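# Residue-level structural notes
Residues per chain are reported as follows:
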Amino acid sequence: MSSIEVLVDRCVGCEVCVGACLYDAIEMRDGLAVIKDNCTLCGACVDACKFDAILIRKEHREAVPLDRHRGVWVVAEQRDGHVHGVSYELLGKGRELADTRGANLGAVLLGSGVEALAQDLIERGADDVYVVDEPELEHYLDEPYAAAVASLIDRYHPEIVLTGATTLGRSMIPRVAVRVKTGLTADCTGLAIDDETGLLLQTRPAFGGNIMATITCPNHRPQMATVRHKVMRPLDPVPGRAGKISRERVEKASLASRVEFVRFVKDVTQAVSIAEADVIVSGGRGLGGPENFRVVEELARAIGGAVGASRAAVDAGWIPYSHQVGQTGKTVQPKLYVACGISGAVQHLAGMQSAKVIVAINKDPDAPIMKSATFAIVGDLFEILPALTRRLRAELS
């Protein structure tokens, strides 16, 4: 690994480096600069030192020829022994990409006591599962998880690595990309193989969702991307499907973390997770205030759905961020999506336009969401929603 050192025979105790460090990672002891554990190796202190008293030794990573990289990998996400749905979705897309490249599909599984989940990943499409089962990986922490994935990449040289654009994935995979010195495309909505070059075509929204950009990584491997939950479709499991399970070992020192896991606090504000819900009732700025979300919640409760929200409602502090649907929230794919008082900004549409049926309720007949709706209802949502709720309760009772 890269390291940093203060050359004591050159340090004059001027403290310029202390002021240059943006992370408060340098302190003075006995007139000499001392680097603390939270140093990020950004190099600002090296540039600031006029006496060349600080040295960063960068890890030398031998470049592997591009044509030696083979295979498509999915870094599977699990918590408490349950695989996240986005991992199954990526295995479905990964199977397609691997078949196009004539390569194997691999899955990386990290945790403690998780080996039993490997067969599940094989039944969902993986040919090979690389399991790192260590006590240090019982709870997710950035540094050990990133170190373990990077170690496996350096060992096996996959051509493509995919993971979910979840809180865990977004935190871990950039660290992996930096370690293995490659690029990363975040929040992809489309993945394909270019017929001519064989490169991974990584498509994602750009400029606020107004255009779709297709990105390639021609000069570095692996090609890495994160994909949002509910964008890809999983394969149906094939019970008893054969595959190879490899029990991998990584250096114990690399599993150390400067962060201590305290506890995991679940979001208890949602009776039903919007990412998994078949029915979602969402409210927007048209509700007028947080107290009026009760009409949305009552309708959602009546039909066994989840409560969603637009970014405007979340930014106004009317409802927690965990309910936000859209490009900067969650991408959803329910059977029924009811939008109440939501104008339909591009960012919101990007997160829910894959719903099978969209019902929009709005006073403005020209609101953008009305054009995307399967059924558009023009009227006062404070009259329509209670009426719908009463009717549904009567029908379902």
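None of the values given here were measured: they were computed from a predicted structure.

A word on the pairing of strand β8 (residues 105-111). With respect to burial, β8 is a largely interior element, 7 of its 7 residues being buried. The side-chain alternation of β8 yields two buried faces, one formed by L105, A107, L109 and G111 and the other by G106, V108 and L110. In the sheet, strand β5 (residues 72-75) pairs with β8 via 4 bridges, with the strands oriented parallel. Among the inter-strand pairings, W73 is bridged to a residue of β8, identified as G106. Summarising the sheet, β8 and strand β9 (residues 128-133) pair through 6 bridges and their orientation is parallel. By the bridge assignment for β9, G106 is matched with D128. Taken together, β8, helix α4 (residues 118-123) and β9 form a β-α-β motif whose crossover is right-handed.

With that settled, consider helix α5 (residues 142-156). Between its first and last C-alpha, α5 extends 21 Å over 15 residues, near the 21 Å set by a 1.5 Å rise per residue. Looking at the buried side of α5, the elements it contacts are β5, β6 (78-79), β8, β9, β10 (160-164) and α6 (167-180).

Another point: the pattern of salt bridges. Once the charged atoms of two side chains with opposite charge are near each other, the side chains can pair. Here the structure, examined in full by the defined rule, presents 19 salt bridges. One salt bridge in this structure joins R57 and E5, with 2.4 Å as the shortest N-O distance. Here R57, found in strand β4 (residues 54-57), pairs with E5, found in strand β1 (residues 3-6); they are 52 residues apart in sequence, far enough to count as distant. Owing to a relative accessible area of 42%, R57 belongs among the partly exposed residues under this scheme. We note a salt bridge from R241 to D127, for which the minimum N-O separation is 3.1 Å. One end of the pair, R241, is in the loop between β15 (223-227) and β16 (244-247); the other, D127, is in the loop between α4 and β9, and 114 residues separate them in sequence. Classification of R241 as partly exposed rests on a relative accessible area of 22%.

Our focus in this paragraph is the sheet that holds strand β17 (residues 279-283). Here we have 5 strands laid out as an open sheet, ordered β18-β17-β19-β20-β21, and parallel in their pairing. Looking at strand neighbours, the two that pair on one side only are β18 (306-309) and β21 (375-378), the edges of this open sheet. Direction aside, neighbouring strands of the sheet carry axes that sit 20 degrees apart on average. When β17 meets strand β19 (residues 336-340), the two strands line up parallel, connected through 5 bridges.

Bringing the side chain of R228 into the picture now. Relative to the helices and strands, R228 is located in the loop between β15 and β16. Owing to a relative accessible area of 6%, R228 belongs among the buried residues under this scheme. Here G329 takes part through its backbone oxygen, which lies 3.4 Å from a polar atom of the side chain of R228. Engagement of the side chain of R228 in a polar contact is seen with the side chain of T331, the distance being 3.1 Å. The residues touching R228, leaving out its near neighbours within four places in the chain, are V86, E89, A165, R170, D187, C188, G326, Q327, T328, G329, K330 and T331.

Each value, and the rule that gives it
- Residues numbered from 1 in each chain as written.
- Predicted model: local features only at pLDDT ≥ 70, side-chain atom pairs only at ≥ 80, totals over all residues.
- Heavy atoms only, no water.
- Buried < 20%, exposed > 50% of the residue type's maximum accessible area, 1.4 Å probe, protein only.
- Helix = DSSP H or I, 4+ residues; strand = E, 2+ residues; numbered from the N terminus.
- Pairing = 2+ DSSP bridges.
- Right-handed = clockwise from strand over helix to strand, strands pointing away.
- Expected span 1.5 Å × (residues − 1).
- Contact = heavy atoms within 4.5 Å.
- Salt bridge = Lys/Arg side-chain N within 4 Å of Asp/Glu carboxyl O.
- Axes fitted to C-alpha atoms, helices over the stretch in contact; angles between N-to-C directions.
- Polar contact = N/O pair within 3.5 Å; in protein donor to acceptor, adjacent residues only side chain to side chain.

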